[in-house]
Protein chains: 2
Amino acid sequence: MAGSRLAAAAGAGMAGERVADNPLVVFTPSGRRGRFPLGTPLLTAARQLGVDIDSVCGGRAICGRCQIVVSEGEFAKHGIVSRLDHVGSTSAAEVQLASQRAVAPGRRLSCQATVLGDVVIDVPADSQVHKQVVRKRAEARAIELDPIVTLHYVEVDQPDMHDPTGHLQRLQRALTKEWGLGALSADLQVLQGLHAALTAGAYKVTAAVRDGSRLLHVEPGFHDSLFGLAVDIGSTTIAAHLCNLATGEVVAAAGAMNPQIRFGEDLMSRVSYVMMNPGGEVELTRVVRDAIQHLAEETAREAKVDLRDILEVVLVGNPIMHHLVLGIDPTPLGGAPFPLATDGAIDLWASELGLALNRDTRAYLLPCIAGHVGADCAGVVLSESPHRSDELMLVVDVGTNAEIVLGDKRRLLACSSPTGPAFEGAQISCGQRAAPGAIERLRIDRATLDARYKIIGCDVWSDEPGFTGQVTGVCGSGIIEAIAEMYLAGIITQDGVIDGAMAAQSPRVFAEGRTFSYLLHDGEPRLVISQTDVRQIQLAKAALYAGARLLMDQLGVDTVDRIVLAGAFGSHIDVMYAMVLGMIPDCDLAKVSAAGNAAGTGARIALLNKQARREIEEVVRRIEKVETAIEPRFQEHFVNAMAIPHKTAAYPNLTRRVALPAPKAAAAAPDSGARRRRDARHRET
Amino acid sequence: MAGSRLAAAAGAGMAGERVADNPLVVFTPSGRRGRFPLGTPLLTAARQLGVDIDSVCGGRAICGRCQIVVSEGEFAKHGIVSRLDHVGSTSAAEVQLASQRAVAPGRRLSCQATVLGDVVIDVPADSQVHKQVVRKRAEARAIELDPIVTLHYVEVDQPDMHDPTGHLQRLQRALTKEWGLGALSADLQVLQGLHAALTAGAYKVTAAVRDGSRLLHVEPGFHDSLFGLAVDIGSTTIAAHLCNLATGEVVAAAGAMNPQIRFGEDLMSRVSYVMMNPGGEVELTRVVRDAIQHLAEETAREAKVDLRDILEVVLVGNPIMHHLVLGIDPTPLGGAPFPLATDGAIDLWASELGLALNRDTRAYLLPCIAGHVGADCAGVVLSESPHRSDELMLVVDVGTNAEIVLGDKRRLLACSSPTGPAFEGAQISCGQRAAPGAIERLRIDRATLDARYKIIGCDVWSDEPGFTGQVTGVCGSGIIEAIAEMYLAGIITQDGVIDGAMAAQSPRVFAEGRTFSYLLHDGEPRLVISQTDVRQIQLAKAALYAGARLLMDQLGVDTVDRIVLAGAFGSHIDVMYAMVLGMIPDCDLAKVSAAGNAAGTGARIALLNKQARREIEEVVRRIEKVETAIEPRFQEHFVNAMAIPHKTAAYPNLTRRVALPAPKAAAAAPDSGARRRRDARHRET
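Predicted model only: the values in this text are computed from it and were never measured.

## A word on the overall build of chain A
Across its full length, chain A holds 18 helices and 31 strands. Taken along the three principal axes of its C-alpha coordinates, chain A extends 100 × 60 × 50 Å. Out of the 685 residues belonging to chain A, those deemed buried represent 60%. Long-range contacts, defined as pairs at least 24 residues apart, comprise 67% of the intrachain contacts of chain A with a sequence gap of at least 6. Separation of charge centres in chain A, based on 69 positive and 79 negative side chains, amounts to 2 Å.

## Some thoughts on the packing of helix α9 (residues 375-384) of chain B against helix α15 (residues 610-622) of chain B
Residues and elements named next belong to chain B. Following both chains from N to C, one finds α9 and α15 inclined at 115°, their axes separated by 10 Å at the closest point. The angle between the axes of α9 and α15 places the two elements in the roughly perpendicular class. As α9 runs across α15, the sense of the crossing is right-handed. Here α9 contributes A378, V381 and L382 to the contact with α15, which in turn contributes A612, E615, I616, V619 and V620. Residue composition of the contact of α9 with α15, by class: seven nonpolar, no polar and one charged.

## Considerations on the pattern of salt bridges
Taken as a whole and assessed by the stated rule, the structure comprises 76 salt bridges over all chains. Between R83 of chain B and D85 of chain B there is a salt bridge, with the nearest N and O atoms lying 2.8 Å from each other. One salt bridge in this structure joins D306 of chain B and R308 of chain B, with 2.8 Å as the shortest N-O distance. Sharing partners across several salt bridges, the network here consists of R210, E312, D347, R362 and R613 of chain A.

## Let's talk about the packing of aromatic side chains
All names here are of chain B. Applying the stated rule across the entire model yields ten aromatic pairs over all chains. Here Y153 and F222 contribute two aromatic rings whose centre-to-centre distance is 5.7 Å and whose plane-to-plane angle is 75°, an arrangement assigned as edge-to-face. Residue Y153 is located in strand β10 (residues 149-155), and its partner F222 is located in the loop between β13 (214-220) and β14 (227-233); the two are separated by 69 residues in the primary sequence. Residue F222 is classed as partly exposed on the basis of its relative accessible area, which comes to 29%. Seen in terms of ring centroids, Y453 and F467 are 6.1 Å apart; in terms of plane orientation they differ by 80°. Their pairing is edge-to-face. Separated by 14 residues along the polypeptide, Y453 in strand β24 (residues 451-455) and F467 in the loop between β24 and β25 (473-474) bring together distant segments of the chain. By relative accessible area, which is 8% here, Y453 ends up buried.

## Let's talk about the sheet that holds β24 of chain B
Residues and elements named next belong to chain B. The mixed open sheet is built from three strands, whose spatial order is β24-β23-β25. Every interior strand has two partners, whereas the edge strands, β24 and β25, have only one. Running at roughly 15° to strand β23 (residues 438-444), helix α10 (residues 476-488) makes contact with β23 and β25 of the sheet.

## Structural notes on the sheet that holds strand β16 (residues 250-257) of chain B
All names here are of chain B. Strand order in the open sheet formed by six strands is β16-β15-β14-β17-β19-β18, and the pairing between neighbours is mixed. Unpaired on one side and paired on the other, β16 and β18 (346-349) mark the two borders of the sheet. Between one strand axis and the next, the sheet turns by 20° as a mean value, whatever way the strands run. Bridging between β14 and strand β17 (residues 310-317) involves seven bridges; their strand directions are parallel.

## Here's the deal with the packing of helix α6 (residues 267-276) of chain A against helix α7 (residues 280-302) of chain A
How two helices pack is summed up by the angle between their axes together with the distance between the axes. Residue and element names in this part refer to chain A. Remark: α6 packs on α7, axes separated minimally by 7 Å, with the N-to-C direction vectors making an angle of 135°. With respect to each other, α6 and α7 are oriented oblique. Only G280, E281, E283 and L284 of α7 make contact with α6, whose side of the interface consists of R270, Y273 and V274. Its residues assigned to classes, the contact of α6 with α7 comprises three nonpolar, one polar and three charged.

## Some points on the confidence of the model for chain A
Residue and element names in this part refer to chain A. For chain A, mean pLDDT is 91; residues scoring 70 or higher make up 94% of the total. Confidence drops under a pLDDT of 50 for residues 1-18, and excluding neighbours within four residues, the segment shows 21 contacts in the predicted structure. Here residues 667-685 is a poorly scored stretch, pLDDT under 50, and it has 47 contacts once near neighbours within four places are set aside; other chains count. Both confidence scores are given for the complex: pTM 0.90, ipTM 0.89.

## A word on the interface of chain A and chain B
Bring the parts together and some accessible area is lost; that lost area is often taken as the interface size. Across the contact, 39 residues belong to chain A and 38 residues belong to chain B. Per-residue buried area on chain A facing chain B is highest for M161, P164 and L188 of chain A; these three make up 22% of the total on that side. Counting across the chain A and chain B interface gives zero salt bridges. Summed over the shared surface of chain A and chain B, the result is 14 residue pairs in polar contact (both at pLDDT 80 or more). Residue contributions to the side of chain A that touches chain B peak at six residues, all from helix α5 (residues 188-200) of chain A. A breakdown of the residues in the side of chain A that touches chain B according to their chemical character gives 21 nonpolar, twelve polar and six charged.

## Considerations on the relation of the copies chain A and chain B
The two copies are related by a screw operation: chain A maps onto chain B through 180° of rotation and 0.1 Å of translation along the axis, at an RMSD of 0.1 Å. On this basis, the relationship between the two copies can be described by a two-fold rotation axis. Closest approach to the rotation axis within chain A is made by the C-alpha atom of E352 of chain A, at a distance of 6.3 Å. In this assembly, 97% of the residues forming the interface of chain A have copies in chain B that are likewise at the interface, indicating an isologous arrangement.

## A look at α9 of chain B
Residues and elements named next belong to chain B. Counting buried positions along α9 gives ten out of ten residues, so the element sits mostly inside the fold. Within the sequence span of α9, burial applies to A375, D376, C377, A378, G379, V380, V381, L382, S383 and E384. Of the residues one or two after α9, S385 is the one with positive phi, at around 50°.

## Points about the environment of A345 of chain A
All names here are of chain A. Here A345 lies in the loop between α8 (319-326) and β18 (346-349). For the pair formed by A345 and R526, sequence separation is 181 residues and the distance between their alpha carbons is 49 Å. Other than its neighbours up to four places away in sequence, A345 contacts Y364, L365, L366, P367 and E617.

Reading guide: rules and limits
Residues numbered from 1 in each chain as written. Chains lettered and ligands numbered in written order. Predicted model: local features only at pLDDT ≥ 70, side-chain atom pairs only at ≥ 80, totals over all residues. Heavy atoms only, no water. Helix = DSSP H or I, 4+ residues; strand = E, 2+ residues; numbered from the N terminus. Buried < 20%, exposed > 50% of the residue type's maximum accessible area, 1.4 Å probe, protein only. Contact = heavy atoms within 4.5 Å. Lys, Arg positive; Asp, Glu negative; His and termini not counted. Charge placed at Lys NZ, Arg CZ, Asp CG, Glu CD. Axes fitted to C-alpha atoms, helices over the stretch in contact; angles between N-to-C directions. Parallel < 35°, antiparallel > 145°, perpendicular 65-115°, else oblique. Left-handed = near helix turned anticlockwise from the far one by under 90°. Nonpolar A, V, L, I, M, F, W, Y, C, P; charged D, E, K, R; others polar. Salt bridge = Lys/Arg side-chain N within 4 Å of Asp/Glu carboxyl O. Phe/Tyr/Trp six-rings, centres within 6.5 Å; stacked < 30°, edge-to-face > 60°. Pairing = 2+ DSSP bridges. pLDDT = per-residue confidence, 0-100. Buried area = accessible area lost by both parts, 1.4 Å probe. Polar contact = N/O pair within 3.5 Å; in protein donor to acceptor, adjacent residues only side chain to side chain. Least-squares fit on C-alpha atoms with pLDDT ≥ 70 in both.

This is the structure in structure tokens:
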């Protein structure tokens with residue numbers, strides 16, 4: 001076929017030219033080059049040169065993955081003239097694929113185009129195996145596509161009487177011959193389906209191979225559909241991203257409330273449920289697995305993906321979620337010394353997690369770091385990659401516990417700090433979850449002390465024309481701004497006391513029993529920030545700061561170069577207000593950023609790139625784990641951090657941007673909540 | 001402690017002697033020797049010298065496995081005087097174990113006895129890890145105990161706040177430190193039980209490790225009970241042997257009819273059942289798995305073994321049984337080219353086979369050799385080990401198909417031959433299974449043509465005083481002798497025709513239609529050998545011979561050095577009569593032996609010795625598989641082998657022992673059954 005095409009080409013465009021016996025082929029952008037015999041398919045040439053070109057069908061013009069562009073013109077650098085007709089004419093298979101829009105205009109399949117003369121071949125990014133996956137954030141690490149599961153179409157020798165080799169061994173032979181794969185293990189379920197797949201496909205099958213070492217799944221005929229699911233199991237919500245493992249693209253995403261909430265709002269009440277109801281962990285395991293199954297089904301339905309094409313699942317979660325989804329009793333994590341069953345990564349059948357996808361689907365859980373620092377934090381590390389950073393990074397994932405990582409490419413430390421649920425709007429009188437109607441931004445007039453605000457679901461401020469919508473409460477980011485603005489407006493002192501003297505300035509400050517409150521919204525519902533509310537936020541932010549500061553002590557530093565706030569909360573707060581409150585240490589505000597659901601992103605990175613799994617496993621092993629509960633300096637930092645923004649720490653970067661009130665006369669000392677909160681540490685895992 | 005014992009010893013028996021600083025320790029029978037500091041435990045000394053001494057508790061005087069005997073006297077060869085008190089006095093732990101009869105009189109524990117002076121230490125066979133397992137047959141290969149699962153008692157560091165290492169990692173650390181084990185993988189179920197085991201055992205646990213690479217199971221505290229089950233799944237019967245993996249001993253054995261028999265007596269009718277009833281393989285799989293489970297329970301009950309202590313199962317079976325127990329559709333094996341799902345060994349969870357033992361129990365299936373030559377034959381090879389033989393061995397496992405292996409340490413060939421069920425007493429008018437009342441031995445008076453016989457269940461011959469018991473039929477070995485004796489008595493000709501002329505000599509030969517029959521037993525029931533019965537045996541024995549002969553052709557040999565008859569049938573027949581009939585080629589009768597259930601023995605070897613698994617996997621790969629159905633010479637050999645003992649082959653060894661009748665005038669040609677039988681080949685898989 002190559003020969004006849006050569007003859008045709010020679011007869012047409014190339015008549016009269018001297019045809020080199022071994023034309024030069026140059027691939028861009030790699031710059032790799034070599035001379036090849038006439039008629040060599042470009043895909044073969046690329047492979048011999050180690051040029052990265054994708055293929056599932058192994059050069060049979062079926063998959064359309066190996067597209068290239070022939071560069072035309074004179075390339076002085078290479079000393080050649082490259083022409084379209086130097087790679088032969090378009091084959092029938094290419095015409096066919098082009099008619100199905102499987103080959104882009106102006107492109108050829110490198111398995112069909114053959115070397116007939118000197119050429120410069122451009123390999124587009126989307127034809128590379130290790131293509132880069134697009135991420136929105138400029139500072140985020142690049143994801144190189146290199147999934148652990150790969151598809152390989154092969155034609156298997158049919159069994160015959162002279163060759164009693166088993167189906168498995170003949171398939172292995174084909175995979176070795178056509179794809180250079182080494183010895184593959186195969187589990188029982190693959191063997192059980194092997195004969196049916198081979199005969200249904202007339203001995204042409206597509207093998208899914210995992211990590212180059214396991215024959216994971218066999219589909220009859222050519223099959224080019226391979227997906228993976230990344231799941232972040234939060235205490236409150238579970239988020240799933242369905243990814244196309246051929247492109248890296250997120251084809252559908254969905255989230256759901258963690259159904260375990262009916263057994264307890266926070267983690268510790270769920271552990272208590274198990275302690276009070278022996279065997280209750282079975283129920284908690286079941287509901288969280290069911291929820292993941294539903295998310296898988298929902299995303300697959302949305303993206304019109306067959307559930308059976310999801311061959312890989314990656315999960316992250318805090319230690320208790322991690323243990324519960326695995327069906328491991330989490331109660332040991334409910335008491336000191338909080339021992340994990342394992343701090344290693346886990347690789348198992350998705351069916352062992354009760355997931356009904358393909359019965360050959362595997363699942364991978366990132367490693368937990370310590371009893372309070374989970375696989376979710378490992379996901380955050382993978383996503384934000386402080387271990388690759390030259391700058392000293394502080395990465396904070398705020399939830400009921402804050403998981404805090406500090407370090408750079410040389411050294412990495414991690415701890416968790418018991419912030420409690422105040423940042424999520426819980427335990428705040430007017431607090432609520434982030435939902436339509438919740439105040440998320442807030443400004444207080446310095447003279448009238450009146451508040452104006454924005455609510456979720458409405459794009460304009462409350463004092464602007466077009467403001468609509470019913471105010472329902474204040475969500476986490478709104479609380480932060482409310483307390484910070486109250487401080488900036490002088491309503492609360494540096495010690496966090498609502499200053500009764502301000503009642504003279506505005507009726508919005510008013511006495512309630514022995515303390516004062518601030519009326520945020522006078523309507524239905526009436527929203528008030530009480531002294532207790534301020535204390536809750538002080539406790540939470542002091543815990544967060546103290547954890548970060550403890551790591552800074554361990555590392556012997558006083559400042560950090562960059563701060564990343566991970567998690568939904570981190571995405572919604574205004575980092576300046578976080579700094580006004582003293583949640584985080586001082587830092588150039590331009591270098592404080594939100595990373596969104598970084599834990600989920602870490603799961604997605606591990607899903608798309610198998611090397612990232614080895615990387616995070618290695619990084620987690622060398623992370624220095626710091627246990628705040630046994631570090632005396634933690635309590636000292638905690639007490640000092642109760643002040644706004646801090647009793648002793650300086651905020652030069654902040655004060656360049658915003659004028660902080662001058663300290664007033666010392667008000668009442670912080671209440672005993674600080675100690676209560678610290679003592680409650682072990683309950684608030 | 002070693003120091004105080006040293007002082008005591010010095011004060012008592014060793015007073016006045018010069019105590020060498022580094023006494024000489026000689027271990028027998030290995031002869032290894034070395035000098036050790038005073039107070040070194042003998043177990044430590046042995047390990048440093050690479051002397052093979054068993055231990056589960058790691059030197060804590062719990063398991064009692066490391067017993068040694070101190071040799072007393074002057075050893076000129078070593079230049080030392082060895083004395084009992086050169087190893088210190090008996091420890092309290094030894095006294096305790098001795099009172100429980102866990103230490104034999106005159107023995108010491110090598111973990112308690114310490115080097116205080118020159119000594120010669122004898123390590124008894126039962127204290128060695130790699131002890132030899134006793135086999136009854138003199139010519140059988142030795143089994144060296146080296147099970148794939150080993151027990152290791154360890155004391156694990158308790159978790160603490162300063163060390164957030166997971167339970168798994170702390171256990172791994174202890175196993176590495178105390179036992180030198182490398183990185184172990186652990187599956188989900190181990191993780192799920194880890195915390196409970198560690199806390200129940202106060203962080204002292206016994207780990208079962210598989211193949212040095214997998215943490216298989218964890219028991220609280222010291223646990224020294226480890227068993228394995230070897231299972232031979234025959235078409236007719238299933239046999240199970242429960243073995244103590246610490247001693248190699250068979251602690252219980254049981255057999256059961258294969259319950260699949262209700263779906264069809266022979267293999268092919270079971271495959272037909274599946275073909276006619278799609279999904280029927282699920283039922284066949286279920287009943288065979290249930291039967292194995294019952295055998296496990298029966299043997300465990302008999303030996304008073306906890307089912308959960310059975311951590312390893314090894315199975316063999318013919319290809320159809322192999323596929324069915326695995327839940328792999330066997331129908332492809334019902335038609336040419338009989339493709340196996342795999343010809344490799346299989347390692348999986350016993351729970352994947354539906355076995356409810358310990359949930360951590362693993363199972364191993366020996367490899368199948370070809371579509372008609374199963375894992376049972378691999379077991380026979382492992383047991384009889386032609387691949388280790390200098391002599392050329394012919395190994396025949398007789399069943400519905402005969403599986404035949406020929407070769408020596410240089411080269412090995414295998415085939416199967418369609419003998420049909422005649423050797424098992426089926427399709428013979430007076431035939432029956434081997435059971436009480438069945439004739440198993442038979443002699444015919446050359447003058448009267450009267451038969452005398454022995455039946456199963458009675459030790460004397462029918463013409464001897466004390467003969468009791470009801471004759472019910474003739475079993476396989478009885479049929480062989482009956483036909484051979486009829487030939488030797490001249491009742492049947494070399495061509496297998498019952499000679500009507502003999503009717504004149506005795507009324508026992510009589511006409512039935514156009515052919516003659518022989519009256520074996522004139523009673524209730526009346527037992528007759530008809531011409532058709534003779535033909536059935538001729539067909540079966542010709543198929544067996546032709547298969548063996550075909551392999552001899554391939555190997556280019558005319559004689560074999562040794563013949564082994566495996567299987568129940570082979571154990572009961574008199575090999576001389578087998579040779580008279582021409583079932584097997586000529587051979588020195590002293591070198592023809594029966595191996596009993598060699599397939600089951602092979603399973604037991606693989607259970608007791610992990611190296612044997614690699615060995616048989618490697619041997620099976622290099623066995624040359626011969627398919628009789630496509631070899632034209634098979635038919636030629638088959639036709640020639642219809643004669644008794646053979647049309648052309650010579651039997652010099654036989655004729656030195658027994659006078660064969662002179663050929664009579666040619667009788668009728670063999671009937672068309674030969675072709676029918678051959679054509680039925682593919683039905684009788």
